[in-house]
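# Descriptive structure summary
Residues per chain, in single letters:
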Amino acid sequence: MPDLYFQFKRFTVRHDQCAMKVGTDGVLLGAWAMVTHTDANRGVDRNTTALQQADRRNNQRFSALDVGTGTGLIALMIAQRNAEAEINAIDIDHDACKQAAENVERSPFKDRIRVFHQPFLEYTTERKYDLVVSNPPYFSASLKSPDKKRSAARHNDSLPLKLLIEHALTMLVDDGKIALILPVTSSGEIDFIIATHRLYLLRRTEVISVEGLKPKRFLIELSAKAPPGYAPTTDQLILTTTQQERTQTYNHLTKDFYL
């Protein structure tokens, strides 16, 4: 009998009603994404004083939108990492939203996370987010599962990467960020989207499951605006050694979550 829940240090994620269970991809993205205000010039009139700028930033809570939230895992991780963050979480699947809402309600962060049952491409709001984060469905041509919910969660028929990014851009503050985890087979597509939409690659981390193997996933952070002193960073994250032990880097990234 499969496990009905996954226990983290500060919250529990039940996933028995979700097509996609708690997995490494979601944990990596939730721990890797930037969840604080890092641009000192965010939405600030250059004629204002430094003190006025600081006061304005302090009055603006960090806001995030988790697209395809599933169990609510990433939203919960963001809430844990930033005690002032306000997070909206959205999913097309009714059962996933119900379970995500239950996971949120049982967590210490229930007052700062709201769950919405709605297709992302139909989601509109006057609110602008500092971060849109997603562990999106990314299979486009592989054999589909007979389980319709699992197939919808894994395949991008209803949310192609291009449309995900285009709609996310309309949701962001001027210097807001999009953070995703994708398979390496999407590298050409994401590079084309970055070029055609004139986006800035801020960070990219290749994820290697076992030391010595080639990466199968990558984490990526994009923005429509270059931050001051723009210098994109690229690196690698190896998850386990050849002896199947977690690496020091992986342990450090996830130390606040894994038991």
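Here's what I pulled together on the structure shown here. As the structure is a computational prediction, the values presented were derived from the model and not from experiment.

The next point concerns the pattern of salt bridges. All chains considered together, the criterion is met by 10 salt bridges. The shortest N-O distance in the salt bridge between D16 and R14 comes to 3.7 Å. When the shortest N-O distance is used, the salt bridge between E105 and K110 registers 3.7 Å. Taking the relative accessible area as the measure of exposure, E105 reaches 49% and is therefore partly exposed. It is possible to trace a salt-bridge network through shared partners that takes in R61, E84, E86 and R127.

Our focus in this paragraph is the packing of helix 1 (residues 24-32) against helix 3 (residues 73-81). Angle between the axes and distance between the axes: these two values describe a pair of packed helices. Viewed as axis vectors pointing N to C, helix 1 and helix 3 meet at an angle of 30°, and their least axial separation amounts to 9 Å. Classified by the angle between their axes, helix 1 and helix 3 sit roughly parallel to one another. Considering how the two elements wind past one another, helix 1 and helix 3 form a crossing that is right-handed. Contacts from G26, V27, L29, G30, A31 and W32 of helix 1 reach helix 3 at L73, I74, M77 and R81. Looking at side-chain class alone, the contact of helix 1 with helix 3 contains seven nonpolar, two polar and one charged residues.

A separate point is the packing of aromatic side chains. On inspection of all chains with the given rule, the structure shows eight aromatic pairs. Geometrically, the ring pair formed by F6 and Y258 is tilted, given 6.3 Å between the ring centres and 55° between the ring planes. On the criterion of sequence distance, the pair formed by F6 in strand 1 (residues 5-7) and Y258 in the segment after helix 8 (248-254) is long-range, its members being 252 residues apart. Assessed through its relative accessible area of 30%, F6 is described here as partly exposed. Overall, the relative accessible area of 11% leaves Y258 in the buried class. Here the aromatic rings of Y250 and Y258 are separated by 6.2 Å at their centres, their planes lie at 90°, and the arrangement is edge-to-face. Grouping residues by exposure puts Y250 and Y258 together as buried. An aromatic cluster is defined as three or more aromatic residues linked by ring pairs; in this entry it consists of F6, F8, F11, F109, Y250 and Y258. Geometry around W32 places R203 over its ring, the cationic atom sitting 3.7 Å from the centre. Note that R246 overlies the ring of Y258, its terminal NZ or CZ placed 4.3 Å from the centroid.

The rules behind the values
- Residues numbered from 1 in each chain as written.
- Predicted model: local features only at pLDDT ≥ 70, side-chain atom pairs only at ≥ 80, totals over all residues.
- Heavy atoms only, no water.
- Salt bridge = Lys/Arg side-chain N within 4 Å of Asp/Glu carboxyl O.
- Buried < 20%, exposed > 50% of the residue type's maximum accessible area, 1.4 Å probe, protein only.
- Axes fitted to C-alpha atoms, helices over the stretch in contact; angles between N-to-C directions.
- Helix = DSSP H or I, 4+ residues; strand = E, 2+ residues; numbered from the N terminus.
- Parallel < 35°, antiparallel > 145°, perpendicular 65-115°, else oblique.
- Left-handed = near helix turned anticlockwise from the far one by under 90°.
- Contact = heavy atoms within 4.5 Å.
- Nonpolar A, V, L, I, M, F, W, Y, C, P; charged D, E, K, R; others polar.
- Phe/Tyr/Trp six-rings, centres within 6.5 Å; stacked < 30°, edge-to-face > 60°.
- Lys NZ or Arg CZ within 6 Å of the ring centre and 35° of its normal.

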